[in-house]
Each structure stands twice: as structure tokens, then as C-alpha cells.
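Letter by letter, the chains look like this.
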Amino acid sequence: MQQSKIEGGIENTFESEIKELRDRIDDIDEQILTLISQRFAEVQKVVALKKRHNMPVFHPAREEDMISRLRDSARKRQMDPDFIEELYRVILRNSRLHQTVEMKQQGIKPGSKVLIVGGYGQMGSYFAWFFTTSGYEVRILSENNWDKVESLCIDIELALISVPIHVTLETVRRIAPYLPPDALLADITSIKTEPLNEMMKVHKGPVIGLHPLFGPTCSSLDKQIIAVTPGKKPEQYQWLIDQLTLWGAIVVNSNAQEHDEIMDIVQGLRHFATFCFGQFLSRKKIELHRTLEFSSPIYRLEMGMVGRLFAQDSSLYAEIVFATPLRRKLLKDFVLSLNEQIAMLDNNDKELFIERFSETAKWFGTFSEQALRESTFIINKLIERF
Ligand code: NAD
């Protein structure tokens, strides 16, 4: 009886102490929410100011300074700087997304007429939505209304070509005679040299080549990269770059040749190698699900990348892989280079393997450390979630 009284007493003390602690934690959570909402209100003021001055949403230097400062502050408080950085990256992204939504409605030239050639396609309709939301008058030229091309081109500020790669050049040639002399001619083709040359040849007015490095499933342009290949009359195309930046995109400049060489690797080789790997697994009739049951996180991540390719539109990837003769030559070189490994395997030559491994590691240099850090971050996220 006495014991249970004591136990009851201990229980009561425990219950009241934990309740007190939990109440304090709940209070702190309330305060955190109040502070986040106050922070949000201040951000809204920044948005309003940026809107008035047509300034972009993302300010990389400011964000990085802020993260460094917060990491220092965390260290001084004996807190884990990685945790604080992660927390703030989420807060900053959320605030950027809100800003991007607000800015989306902001047009640099609202009321101007924009003609999107191929505007019912995936990317065409994606950009049509952005222009419409920002107050532009959007017109669409599709395969079926070329008989109206003359009237569709009247008074347009911009003609944006968004047709499949293999019909881009003929489309540029076909529309050129109808363009007002001062209209901006732009394209979003995934290759740049030939389309840009053709646009420069057929149009006297301003010209610019764009390549959005993302697909139409991205809900926002926040931090999305758009490659820009300058054409002519920059003073007359700058407004389009400003508009893209205002929507949250990051613009990367290059000349068309450099862009295409880089895309041979970033898109051509990357997707082709993934295609070959996936096809090899399927031909070997590998039991994918069983392998995943035994998998290390890195295998799961790799399979995520491979599986992702095959979940998408084959014709889009065919366009990318077969884009130019130069790209196809590079892909052939890649396949031939695999043959070099056959003799090494036949000869059971581990030394050669180690030698090639070290040479390649040397070539990767400091990027290897960055790659390890970034992929570890992604793997940890994957483990947290799945
Ligand atoms: P899509 O096939 O979805 O759209 C192309 C549209 O063009 C279709 O509606 C088609 O009917 C129309 N079209 C075809 N011939 C035409 C013609 N002669 N006149 C007018 N319209 C015509 O293709 P998409 O994925 O939107 O790609 C369009 C462009 O965007 C391509 O150059 C591609 O390289 C580039 N791009 C695509 C992506 C992507 O992820 N989809 C990303 C970046 C860039």
C-alpha cells in the first residue's frame, strides 16, 4: 500500500514535470511559428520592393552569406551547423517559391503580343502559361493553323519557336517572311548552333537562342537554369532575359557551339549511357525488384536515375540522342571505348583496372570530394524518406 503510494507519488511528479516540459516546448514551437510568420511578412515587403523595381527573386550571394552567418551562429551556440543550414535551406526555398508565385504575375512588357510556334506542345504550353499569367497576349501557331500565320504575326513583340528539333530549321525559314522587322525571334530548341544560325540568317531584327534545362513538369522556374546563346541586337532582347529572371530562372550565357558541345555530354552521353545500361539489364532479364531488396542506397539511387528515363517520353529522348551527326559520333566513340575494357577483363588484369581507376580519379580531381559530399546528402535524404 505504502509502496504504491510512493510509486503513485513518483508517477505524479514525473507526470507533472513532463507536462511542464512539454508545455514549454509547445510554447517555444508557437514562438517559432510566430517568428516564421513574422519573417514571412518581412519577406513580403521585400517582394513588393523587388516587384516595384523589377528585380529577380533569387539573390545567390545574399543567400550564401546568410547561410554562412547562420552556420557560424550555430557553432557559437554549440549547435550542429549542418542541421541549421538544412533548416534554413527549407525556409529560404519556401520563401523563394512564394516570391516566384508573386513575380510570375509580373510582366516586363505586359500587353505585348507573344506568338508561340508549337504552343500546344509540352514546352510551348508551359511557356504560354507563364506569359499569359504575366499579362502578355499569347497567340499559338500550331501545325494546323499556318493558313492564319499572317494575321497571327501582326504586331508581335516575340515569336518563340517551340517545335520538335527536326522541324525547327524549316519552321524558322517558314515563319521569317511574316515577322515584323523589330519582333524578337527566339527558340527553345535543345541544340543551338543550327537553329541560331538559321534565325540570324532569315531575320533582320533581334534574335536570341534559349535552352531551358528542365522539362515541363517543373511547377516553378525557381533556380531553373536557362542557357542563353546571344544572337543579335541585345538591347532589344534583354527584356526577355529580364522576364525569365523575374520568373525565378537562372540564366547561363554561352555561345552556341560551346552550348552544343556541353549538351553532347550533359544530355546526349548521359541519357544514351543510361539507355544502354537499362537495356542491358532488361536483356539480361535481371529481377529488378529482387535486386532492390538487397540494394545499397547507392544502387537504389542509380536505379532511380535509370528507371526515371524509361518513365518518360521516348520520342523526346530520341530527339536528344540523335540531335546532330557530331553527337552521334561521340556516342559511337563511347560504345567503342567500352571494347577497351574487354581485354582487361579477359586477362583478369586487376593492375590495369587499378591503374585506369587512379588515372581517372586524378582527372576528376577535387570534384570527387564534392561529388561524395553531394551524393551522400542525397543518399541520406533517400534513407530518411524510404
Ligand atoms: P512537343 O512535341 O510536346 O511539342 C511540339 C509542338 O510543336 C507540338 O504541339 C506539335 O504539334 C507542334 N508542331 C510540330 N510541327 C509544327 C509546325 N510545323 N508548326 C507549328 N507547330 C508544330 O515537344 P516539346 O517537348 O514541347 O519540345 C519543343 C522544343 O522544346 C524542342 O525543340 C525541344 O528540344 C525543346 N525542349 C524540350 C524540353 C522538354 O523537356 N520537353 C526541354 C527543353 C527544351
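Remember, it's a predicted structure, so these values are computed and weren't measured experimentally. (Residues numbered from 1 in each chain as written. Predicted model: local features only at pLDDT ≥ 70, side-chain atom pairs only at ≥ 80, totals over all residues. Heavy atoms only, no water.)

Caption draft 1: Quick look at the environment of His-259. On the secondary structure map, His-259 appears in helix H9 (residues 256-283). Between the alpha carbons of His-259 and Leu-196 there is a distance of 12 Å; along the sequence they are 63 residues apart. Contacts of His-259, omitting those with residues within four sequence positions, involve Ser-190, Ile-191, Lys-192, His-211, Ala-227, Thr-229 and Ser-254. A distance of 2.9 Å separates the side chain of His-259 from the side chain of His-211, its partner in a polar contact. (Helix = DSSP H or I, 4+ residues; strand = E, 2+ residues; numbered from the N terminus. Contact = heavy atoms within 4.5 Å. Polar contact = N/O pair within 3.5 Å; in protein donor to acceptor, adjacent residues only side chain to side chain.)

Caption draft 2: Structural context of the site of the ligand. Around the ligand there are 25 residues in total, and Gln-122, Met-123, Glu-143, Trp-146 and Ser-190 lie nearest to it. At 2.9 Å from an oxygen atom of the ligand is found a main-chain nitrogen or oxygen belonging to Gln-122. Taking Met-123, its main chain carries an N or O atom lying 2.8 Å from an oxygen atom of the ligand. Protein chains bury 83% of the 820 Å² of accessible surface belonging to the ligand in isolation. (Near = heavy atom within 4 Å. Areas by Shrake-Rupley, 256 points an atom, 1.4 Å probe, with all protein chains shown as cover.)

Caption draft 3: Structural detail: unusual backbone geometry. At Asp-155, a residue that is not glycine, the phi angle is positive and equals roughly 65°. Turning to its location among the elements, Asp-155 is positioned in the loop between helix H5 (149-153) and strand E3 (156-161). Among the residues examined, Asp-155 registers a relative accessible area of 57% and is labelled exposed. In this model, Asn-348 sits at a positive phi of 50°, which is unusual for a non-glycine residue. (Buried < 20%, exposed > 50% of the residue type's maximum accessible area, 1.4 Å probe, protein only.)

Caption draft 4: Region of interest: the pattern of salt bridges. Under the defined criterion, the tally for this structure stands at 20 salt bridges. In this structure, Glu-42 engages Lys-45 in a salt bridge whose closest nitrogen and oxygen atoms are separated by 3.1 Å. With a gap of three residues between them, Glu-42 and Lys-45 both fall in helix H1 (residues 2-52), about one helical turn apart. Exposure remark for Lys-45: the relative accessible area of 53% places this residue in the exposed category. Glu-293 is paired through a salt bridge with Arg-290; the nearest N and O atoms lie 2.6 Å apart. In this pair, Glu-293 and Arg-290 both sit in helix H10 (residues 288-293), three residues apart, roughly one turn of the helix. Since its relative accessible area comes to 58%, Glu-293 is described here as exposed. A single salt-bridge network, built from bridges that share partners, covers Glu-64, Arg-71, Asp-82, Glu-85 and Arg-89. (Salt bridge = Lys/Arg side-chain N within 4 Å of Asp/Glu carboxyl O.)

Caption draft 5: Molecular detail of the domain arrangement of the protein chain. Domain assignment breaks the protein chain into domain 1 (2-103), domain 2 (113-254) and domain 3 (259-385). Between the C-alpha centres of domain 1 and domain 2 the distance comes to 41 Å. At the junction of the two partners, domain 1 supplies ten residues and domain 2 supplies nine residues. Carbon and sulfur atoms supply 62% of the area buried between domain 1 and domain 2, which totals about 820 Å² over both sides. The interface formed by domain 1 and domain 2 holds two salt bridges in total. (Domains from an automatic or database assignment. Buried area = accessible area lost by both parts, 1.4 Å probe.)

Caption draft 6: Main features of the nonpolar core. Judged by nonpolar contacts, the single largest core of 28 residues is most densely connected at Phe-127, Phe-131, Leu-158, Leu-160, Ile-208, Leu-210 and Leu-240. Looking at this core element by element, the count peaks at six residues for helix H4 (residues 122-133). Residues Leu-115, Ile-156, Leu-196 and Val-207 belong to the second largest nonpolar core, which totals 20 residues. (Core = buried A, V, L, I, M, F, W, Y, C linked by side-chain atoms within 4.5 Å.)

Caption draft 7: Up close: the sheet that holds strand E1 (residues 113-117). Strand order in the open sheet formed by seven strands is E2-E1-E3-E4-E5-E6-E7, with mixed pairing between adjacent strands. Unpaired on one side and paired on the other, strand E2 (137-141) and strand E7 (250-253) mark the two borders of the sheet. In this sheet, adjacent strand axes meet at a mean angle of 25° when their direction is disregarded. Two strands pair when backbone bridges link them, and strand E4 (residues 184-187) and strand E5 (residues 207-212) are joined in this way by three bridges, in the parallel orientation. Paired with Asp-187 across the bridge in E5 is Gly-209. (Pairing = 2+ DSSP bridges. Axes fitted to C-alpha atoms, helices over the stretch in contact; angles between N-to-C directions.)

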